[in-house]
Every structure is written in C-alpha cells, then in structure tokens.
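Reading the structure
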Amino acid sequence: MLELAGIIILGILAQWVAWKFKIPAILPLILIGLLVGPIAAEFLSEDGTKWIEPIWNGTEGLFPGESLFYFVSLAISIILFEGGLTLKLNEIKNVGPVITKLITIGSIVTFFGASLAAHFIFNLSWEISFLFSGLIIVTGPTVITPILRNIPLKKDVSAVLKWEGILIDPIGALVAVLVFEFISVDAGGEFTKTALIEFGKIVLFGSTFGFTFAHAVNLILNKKWVPHYLINVFSLAAVLGVFVLSDSFAHESGLLAVVVMGMVLGNSNSPHLKDILYFKESLSVLLISILFILLAANINFEELLLIYNWKTAVLFLVIVFLIRPIGVFLSTYGSTLKLNEKLFISWVGPRGIVAAGIASLFGLKLASKGVTGAEYITPLVFVIVLGTVLLNATTARLFARLVGVFLTKSNGILIVGASKVSRLLGHYLESNGRHVVLIDSNQSNINKAKELGLEALSTNIYSDSLTDNIELNDVGYLMAMTGNSDINKYAISKFRKQFGENGSFRLVTPDEMNNPEDNPSEGLFSQTDDFIQLSEVTRKYPSIQEIPLEDKAHYLSLIDITNKNEDMIPLFLKDEDGELHIISSNNTNIDKIGEDYKLVYLGKPFDVEKVILEDA
C-alpha cells in the first residue's frame, strides 16, 4: 500500500515540478523512478533492495508474475488511443508540405539511419536495431510544448515543431508496434512463411477491430444509447475491450487496434469527441505519472551498466547531430524556410512519452522471451529520451538566439472575443501585416471568423489550454473585447504576462464610461464607448477609416471630436512605417505624432476638416 500510494504522490509531485519549472514531465518522472529503483538499490539501501519494487521478487513488489506487463499494456493502449484521437487526416493535408515531409521522409531517415547506427555501434541484431529506431521516431507534443512555450519564435517555425510532434506520435507508435509484432511472431528465429502469415493476421485483426469498433462506438454515442455522464467511462471500457478482444484473436494486435480506433474516432464528426479527449487527457496524466516511475524503477543497475560506455555517447551524438539534421534538411528542401530556421528545427527534436513507454513494454516482453539484445532496448531508449529532453530544455532558448530565430519583439495580437466588431478589427489588423488570433467560447463566432480567413480558436479562458499553444509565442498585445466586463478583467489578469507584455487592454465598463475619473489604465480605444456602443457603431457603419494627421494637437482635437460623436470610435494610430499602435482610452501611450501619421477609427466616414470647423 505504501509503495502504491508513494508512486501516485511522487508522480503528481513530478507533474507539479514540471509545470512550475516549465519542463517536460517525463524528465522528473524518469529521474524519480531511477532514484527509487536502481540507484536506491545500488547506493541507498543497506540490503540492496529498491525503495519501489515493481515486480514481486518473492518478498516484496507490486505486481506478481506478468501482471506488470498487463498494466503497462493497458496503460499504453489508453495513451496510444489518445494519440490516435489527435491525428486528423485533413490536417496532414493542410499543415503544409514541410510537415508532411517531416512525418514521412524525416521518419524514414530516422528509421533507417538509427537502425544502422544501433546495429554497427552496439552490434545489435537487425530486428532489435529496427525496433529501436522505430521507437525513437516520435517527438511528441508533451515534450515539445514545455520547451517552446516561452521561446518567442516565428509562427511558421513553432507550427512546424508543434504539428510534427502531434502527427508523428501515433505514426511512430504504429511503426514500432508493427516492427515489434513482426519480431514477436517468430522471436529469435527465421522469418518463415508461417511467421509472415502470423504477422499478416496481426495487421488484419488489429486494423479490422480498430476500424469496426470505432464506428460502433460512434454509432452508440450518436444514438444516445449511453447517458451523457457515462460517455467517458464507456469509451474507456470500449478501448480496453477492443485491446483485449483483438489480442485474443491475434496475439500482440491490441496496440495496433487502439491506434486505429483512435484515428477513426478522431476523424469522425462525433459531438462527444471533445469530452472523450478531455477525459483521456486527464486519465493519461495519472497513468503516465504512475507508468514512468514504475518503468524507470524496474530497470536494474546491471542494465544501466550495459550502456555505461563510449558507444552510448556515439549513438546519441549520431542520432541528434547527424540523423535528425539530415531528416530535417531533406524534408525542408525547396521550402520557404531559411537556413537558420532549418538549423533550429534540426536542433529541437526531444523524444517523448510514447517512445519511453512502448520501449519499456516491448523490451520487457522480448527479454522475457529470450530475444538476444532485447535488454538494450529500454535503457538505450531512456538515454535518448532523457538526453534529448535535457539538451533541448537547457539550450533551445540560447540556440534560438544564436541562429537568429528568436523574435526580439512580439507584435502579434490576441483578441479575447470574436464578435462582429472583433472580427472587423482583426481583419483590418491582418491586412496591415499583424498576426491576429481571436478566441471565443462561442463556436458560431469562431466559424464566422474563420470564414473571413482569420485565425480563431474555440477555447474557454478559464482553462489552461491557451497557455500551451506555442503558436501564440509571437503574441505581445492583448485586447479583451467581450460583452462581459468580468471576463475582460479576468483575461487581463490571467494573460497579461504571457500575451500582453507590450500592452494589455480591455473595453471600459458602463460605470467607468459614466465616470471618466474612474477610467482604467488598461482601458481600450475610448473612455466613452463600451461594448454596446462599439457593437452599435459596427452595426450601422461596419467600416474602418483613416485620417491623415498633422501633429499631436491635431490628433488630440480629433480624439475630442470622437468623444463627442457617437458614430466615431478611435482605434489605432498608424505611423509613417505603417505600424499600428493601439489607442488607450486615456491616450497616455501616445508620445509624438510625426509626418504621414494617420488616425484609424471605426464608424461613419466624415469630412473631418468640416467637422472641426463646425465644432470650433
């Protein structure tokens, strides 16, 4: 009981440490596992026992016999199912040729290059070498995101790394599963005709069960034969059932079945998909926390000594500094990416949770069957995982500066709320060269924004999902423009540091509008116009105008006119270089007005000079 409780407590503690220090969770999880396992047995225990013993050794241990295999298999099946859910076929087509080539050409280069390296450096058999290379194909969003979250990069670079990690996870897992199954059908012997037939059965049953039961689950959910509160646990039971059922028909086909099941469900139009994905993400966090402490603790010190030599360092250097760059440069040949961007993408390639998890499972199974060289699989993959995560977590920011992909100024704008006025402003900003992202929990508003060609995300600002989006790294301005003043204030409070380092603004409230002395420092556009007034002007005059300015006095006179005229709302100041500066409601952010400056406002077109004369 103490060991089991300790694993859960240490696992959640590791997750918290990862969140606090913005590092991939897999790093503290594996280090804790090694500490309470082989390191404790060798250096910290007087009787040479591990603090946490995963397999029952006759006197202590959590899992008797092959129970650990079963737990790891079931946990990995859930993790792989979640990975399959994230693989959208339309995204493979739409994310661009660079990403498509990275997950195809790049994977092929890694698969054959790493297998050659493992075979000739460690003298491993070709079967074990190919299994090793299949396992380290994957990068994974869980390790990429924490590393890149706080590195301001060009949108194209961060998008390539993000989507490579998302899309290559299930693809790499699928390759590793197929290689493992090919070895398993006749482990240690010749690949005879019978072995090939068995391999074919594994692929056939895995694909068939995954495809069939994905559609069956989708049908059951859409017909509402399962109540809403049981949808998540029903989907969990379905995944485990498909895994076990497929495995019973063709041994080792279960992992393939759940990957295929996840891919099919993820590309369906099920309205319950988001609920299932959120549940699986939460469950995966708990399973990953337990799983990797167990797996790292299960490694024996003798296995660590197997790789404690110069060969391991050579293999690591070849994979990181030769094979990864070759794959990236071949995949990006002829693209619009610059040399420094290709170098940075080559540098950032941390291996993740799927690689370590499946490596442990396959290594344990093959070693138990007596396959020569199987004992190298788990420690070698763990070295690649820990080494790449440590390397990238500590040097990615510095390397970004050295090669010149680090953005010195974040000019992107995040607009909270995707109402008609937000869409109008977003379209104007985009047409003037600014990266704009609109967020809203209203799917209808998001769809309308996307129809205008704007980047829009359906999200709840009270969740943490937005802070994980590395494609927002170039955002330095925040504009809260919803009709709810509490949401606007909360957005400023929560996201000011991450997305509003250059300026955070929100619309004034009706109370602030009626009492100018209460005007907030983060007030947006005008102290006399709230969301209702903005919406009304947008309804009557959905257009944005530009007025040439002479000097600061001219600008202030125009601002005074807009305060008195209900059909004019000031928005931006456009300088001689065409750069837009957001106008605050108290105008304290305007220092000077030069030649060729323009006032940008929302509303009715006016003969401004005539209005000035009439006002005078």
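Throughout what follows, the structure given in this document is the object of discussion. All values derive from a computational prediction rather than experimental measurement.

1. Notes on the sheet that holds strand 1 (residues 412–416)
Spatially, 3-2-1-4-5 is the arrangement adopted by the five strands of the open sheet, whose pairing is parallel. A single partner strand is all that each edge strand has here, and the edge strands are strand 3 (455–458) and strand 5 (503–506). The sheet shows a mean angle of 20° between the axes of neighbouring strands, taken without regard to direction. Bridge count for strand 2 (residues 436–440) against strand 3 is four bridges, and the pairing is parallel.

2. Quick notes on the nonpolar core
One finds Ile30, Phe132, Phe344 and Phe362 to be the most contacted residues of the largest nonpolar core, which totals 135 residues. Ile30 has contacts with Phe292, Ala296, Ala356, Phe382, Val385 and Leu386, leaving out every residue within four places of it along the chain.

3. Thoughts on a nonpolar patch on the surface
Side chains of Leu35, Ile39, Phe43, Leu44 and Trp51 sit close together on the surface and give an oily, nonpolar patch of about 490 Å² of accessible area. Note on placement: Leu44 falls in helix 2 (residues 26–44). Residue Leu44 is classed as partly exposed on the basis of its relative accessible area of 44%.

4. Concerning the packing of aromatic side chains
Taken as a whole, this structure holds 17 aromatic pairs when the rule is applied. Ring plane angle 85° and centroid distance 5.5 Å describe the contact between Phe43 and Phe301, whose orientation is recorded as edge-to-face. In this pair, Phe43 sits in helix 2 while Phe301 sits in helix 14 (residues 301–306), placing the two residues 258 residues apart along the sequence. Ring pairing ties together the aromatic residues Phe111, Phe112, Phe120, Trp126 and Phe130, which thus form one cluster.

5. Focus: unusual backbone geometry
Located in the positive-phi region is Asn123, a residue other than glycine, with phi close to 55°. Turning to its location among the elements, Asn123 is positioned in the loop between helix 6 (105–122) and helix 7 (126–135). Looking at Asn123, the relative accessible area reads 61%, which means it is exposed. Backbone geometry at Lys224 places phi at a positive 60°, although glycine is not the residue there. Position of Lys224 among the secondary structure elements: in the loop between helix 10 (193–222) and helix 11 (231–249).

6. Digging into helix 23 (residues 531–540)
Along helix 23, the residues that are buried comprise Gln533, Leu534, Val537 and Thr538. Looking straight down helix 23, one finds its buried side chains confined to an arc of 135°; they lie on one side. Exposed positions of helix 23 whose direction lies more than 90 degrees from the buried face are Ile532 and Arg539. The inward-facing, buried residues of helix 23 abut helix 19 (420–431), strand 7 (568–574) and strand 9 (598–603). The opening residue of helix 23, the one whose side-chain oxygen lies 3.3 Å from the backbone nitrogen of Ile532, is Asp530.

7. Details of the packing of helix 16 (residues 339–347) against helix 18 (residues 377–403)
At a closest axis distance of 10 Å, the pairing of helix 16 and helix 18 adopts a crossing angle of 175°. One element, helix 16, and the other, helix 18, form an angle in the roughly antiparallel class. Judged by residue contacts, Asn340, Leu343, Phe344 and Trp347 of helix 16 engage Leu391, Asn392, Thr395, Ala396, Phe399, Ala400 and Val403 from helix 18. Here the residues of the contact of helix 16 with helix 18 are counted per class, giving eight nonpolar, three polar and no charged.

8. Things to note about a negative patch on the surface
A surface patch of like charges, here negative, comprises Glu576, Asp577, Glu595 and Asp596. Residue position: Asp596 is located in the loop between strand 8 (580–582) and strand 9. Given the relative accessible area of 59%, Asp596 is considered exposed.

9. Some thoughts on the sheet that holds strand 7
Strand order across the open sheet formed by four strands is 6-9-7-8, with antiparallel pairing between neighbours. Every interior strand has two partners, whereas the edge strands, strand 6 (544–548) and strand 8, have only one. Ignoring which end each strand starts from, the neighbouring axes of this sheet average 35° apart. In terms of strand pairing, strand 7 meets strand 8 through three bridges, oriented antiparallel.

10. A closer look at the packing of helix 1 (residues 2–21) against helix 2
Across the interface, helix 1 lies against helix 2 with an axial gap of 9 Å and an inter-helix angle of 140°. As summarised for this structure, helix 1 and helix 2 are arranged oblique, according to the angle between their axes. At the point where helix 1 passes helix 2, the crossing takes the right-handed sense. Taken together, the residues of helix 2 that come into contact with helix 1 (itself represented by Leu10, Gly11, Ala14, Gln15 and Ala18) are Pro28, Leu29, Ile32 and Val36. Taken together, the residues of the contact of helix 1 with helix 2 sort by class into seven nonpolar, two polar and no charged.

Cut-off values and rules
Residues numbered from 1 in each chain as written. Predicted model: local features only at pLDDT ≥ 70, side-chain atom pairs only at ≥ 80, totals over all residues. Heavy atoms only, no water. Pairing = 2+ DSSP bridges. Helix = DSSP H or I, 4+ residues; strand = E, 2+ residues; numbered from the N terminus. Axes fitted to C-alpha atoms, helices over the stretch in contact; angles between N-to-C directions. Core = buried A, V, L, I, M, F, W, Y, C linked by side-chain atoms within 4.5 Å. Buried < 20%, exposed > 50% of the residue type's maximum accessible area, 1.4 Å probe, protein only. Contact = heavy atoms within 4.5 Å. Patch = residues over 30% accessible without salt bridge, like charges linked within 9 Å, V, L, I, M, F, W, Y side chains within 5 Å. Areas by Shrake-Rupley, 256 points an atom, 1.4 Å probe, with all protein chains shown as cover. Salt bridge = Lys/Arg side-chain N within 4 Å of Asp/Glu carboxyl O. Phe/Tyr/Trp six-rings, centres within 6.5 Å; stacked < 30°, edge-to-face > 60°. Arc of directions from axis to C-beta. Polar contact = N/O pair within 3.5 Å; in protein donor to acceptor, adjacent residues only side chain to side chain. Parallel < 35°, antiparallel > 145°, perpendicular 65-115°, else oblique. Nonpolar A, V, L, I, M, F, W, Y, C, P; charged D, E, K, R; others polar. Lys, Arg positive; Asp, Glu negative; His and termini not counted. Charge placed at Lys NZ, Arg CZ, Asp CG, Glu CD. Left-handed = near helix turned anticlockwise from the far one by under 90°.

Without other data, these values stay purely geometric and don't point to any function.
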